[in-house]
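Working through the structure, step by step
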Amino acid sequence: MIALRVEDLKGFTSALFVGEAFDTWWLREASITTYNTFSIDGRIRRGYFTEQEREEKKIGELSSWKLIRPICFSLIRGKRLPENFRITLQLSPTDVQQFLQSVQPDFPVEQVGGLYLNIRYEEQTMYCITGVSLNIFTLDKRIEQGWDAEIKQLLKEKQIAYIQES
């Protein structure tokens, strides 16, 4: 787990809320504080969609960021900055499988509980904090180290300047 302080707030918020940089990710949860605090639970309600709709639209356990992004953007948009927001994104299972192939191909994908990017904005400072949840205990840190490197690379590709906090 690493904490990266984003230096380019405008570029990062544009990539997050306007661009498509994170559209394939799933939303675990979001909390945005402006004149109220708005909380979003990213879990799909089981009874809302039929099984046929779930299969046809490939609806998983969580909502895609692409679906929720416009709602979150509408909450932070305006003349005043939000007091704070916290967004937890989770890599989709397909992307987890691709990630594992590059980092540790012999690791079973079903043993990965989640690969997370926790985005925190408070006191006019933005942080990206990585997180890995495994369903088994292992002393091998290749997945955690690979995930940290993957997030750094993603920010670099999007030309988002950051400083790694110690």
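Points about the side chain of Gln90
As for its placement among the helices and strands, Gln90 is situated in strand S5 (residues 84-90). Take Gln90: its relative accessible area is 7%, and that puts it in the buried class. Setting aside chain neighbours within four positions, we find Gln90 in contact with Trp25, Trp26, Arg28, Leu62, Gly113, Gly114, Leu115 and Tyr116.

Some words on the packing of aromatic side chains
Within the structure shown, the criterion is met by nine aromatic pairs. Considering the side-chain rings of Phe22 and Trp25, the 5.8 Å spacing of their centres and the 70° angle between planes classify their relative orientation as edge-to-face. Trp25 sits in the buried class, given a relative accessible area of 5%. Taken together, a centroid distance of 5.3 Å and an interplanar angle of 20° make the contact between Phe85 and Tyr121 stacked. Of the two residues, Phe85 sits in strand S5 while Tyr121 sits in strand S6 (residues 112-122), which places them 36 residues apart along the sequence. Of the two residues, Phe85 and Tyr121, both sit in the buried class. Grouping aromatic residues by their ring pairs yields a cluster made of Phe12, Phe22, Trp25, Phe99 and Trp147.

Some details on the pairing of strand S1 (residues 3-6)
With burial as the criterion, only one face of S1 is covered, namely that bearing Leu4 and Val6; the residues Ala3 and Arg5 on the opposite face remain uncovered. Judged from the four bridges that link them, S1 and strand S8 (residues 162-165) form a sheet pairing that is antiparallel. Looking at S8, one finds that Val6 is bridged to Tyr162.

Some words on the packing of helix H4 (residues 93-103) against helix H5 (residues 142-157)
Taken N-terminus to C-terminus, the directions of H4 and H5 make an angle of 110°; their axes are 10 Å apart at the nearest point. When the axis of H4 is compared with that of H5, the two are roughly perpendicular. Viewed along their axes, H4 and H5 form a crossing whose handedness is right-handed. Here Phe99, Leu100 and Val103 of H4 come into contact with H5, specifically with Arg142, Ile143, Gly146, Trp147 and Glu150. Of the residues that constitute the contact of H4 with H5, the class distribution is five nonpolar, one polar and two charged.

Cut-off values and rules
- Residues numbered from 1 in each chain as written.
- Predicted model: local features only at pLDDT ≥ 70, side-chain atom pairs only at ≥ 80, totals over all residues.
- Heavy atoms only, no water.
- Helix = DSSP H or I, 4+ residues; strand = E, 2+ residues; numbered from the N terminus.
- Buried < 20%, exposed > 50% of the residue type's maximum accessible area, 1.4 Å probe, protein only.
- Contact = heavy atoms within 4.5 Å.
- Phe/Tyr/Trp six-rings, centres within 6.5 Å; stacked < 30°, edge-to-face > 60°.
- Pairing = 2+ DSSP bridges.
- Axes fitted to C-alpha atoms, helices over the stretch in contact; angles between N-to-C directions.
- Parallel < 35°, antiparallel > 145°, perpendicular 65-115°, else oblique.
- Left-handed = near helix turned anticlockwise from the far one by under 90°.
- Nonpolar A, V, L, I, M, F, W, Y, C, P; charged D, E, K, R; others polar.

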